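Breakdown of the fold
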Amino acid sequence: MQATVGDRLHVHSRSVGLEERLGEILEVRGTDGHPPYLVRFNDGHEGLVFPGPDCIVEPRGAV
């Protein structure tokens, strides 16, 4: 998984009834675009994320 600042991280729900999470990548702390990523989620929460198989990176500007 590779990302750049401004890309969006989409975390799919692993359980029925839980909401999916969407956040903006604020900082890439790994080398060559690799995790971990500092992410600000839509609810305002910021955190360091090591994305798992339930996550995808949506490039900046993608609809």
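Everything quoted here is computed from the prediction, not taken from an experiment.

Turning next to the environment of Gly17. Among the secondary structure elements, Gly17 is positioned in the loop between strand S1 (8-11) and strand S2 (21-28). Residue classification places Gly17 among the exposed positions, given a relative accessible area of 74%. Put simply, Gly17 and Asp7 are ten residues apart on the chain and 26 Å apart in space, counted from C-alpha to C-alpha.

Sheet architecture is open: five strands sit in the order S4-S3-S2-S1-S5, paired in antiparallel fashion. The open sheet is flanked by strand S4 (46-49) and strand S5 (55-58), the only strands paired with a single partner. Ignoring strand direction, the axes of neighbouring strands in this sheet form an average angle of 35 degrees. In the sheet, S1 pairs with S5 via four bridges, with the strands oriented antiparallel. Counted as the bridge partner of Val11 is Cys55 from S5.

How two aromatic rings sit relative to each other is set out by the distance from centre to centre and by the angle between their planes. In the structure shown here, the tally under the stated rule is zero aromatic pairs. Over the ring of Phe41 we find Arg21; its NZ or CZ atom is 3.8 Å from the centre of that ring.

The residues that UniProt annotates with the feature "domain: DUF1918" (unreviewed entry) are residues 1-57. End C-alpha to end C-alpha, residues 1-57 measures 8 Å, and it is 0% helix and 42% strand.

Turning our eyes to something else, we now look at the pattern of salt bridges. Within this structure, the stated rule accounts for three salt bridges. A salt bridge links Glu58 to Arg8, with the shortest nitrogen-to-oxygen separation between them at 2.7 Å. With Glu58 in strand S5 and Arg8 in strand S1, the pair connects residues that are 50 residues apart, well separated along the chain. According to the relative accessible area criterion, Glu58 is buried, its value standing at 17%. We classify Arg8 as partly exposed; its relative accessible area is 30%. Residue Arg40 is joined to Glu46 by a salt bridge in which the shortest nitrogen-to-oxygen separation is 2.9 Å.

The rules we used
Residues numbered from 1 in each chain as written. Predicted model: local features only at pLDDT ≥ 70, side-chain atom pairs only at ≥ 80, totals over all residues. Heavy atoms only, no water. Helix = DSSP H or I, 4+ residues; strand = E, 2+ residues; numbered from the N terminus. Buried < 20%, exposed > 50% of the residue type's maximum accessible area, 1.4 Å probe, protein only. Pairing = 2+ DSSP bridges. Axes fitted to C-alpha atoms, helices over the stretch in contact; angles between N-to-C directions. Phe/Tyr/Trp six-rings, centres within 6.5 Å; stacked < 30°, edge-to-face > 60°. Lys NZ or Arg CZ within 6 Å of the ring centre and 35° of its normal. UniProt positions renumbered as here; feature names shortened; annotations may be inferred. Salt bridge = Lys/Arg side-chain N within 4 Å of Asp/Glu carboxyl O.

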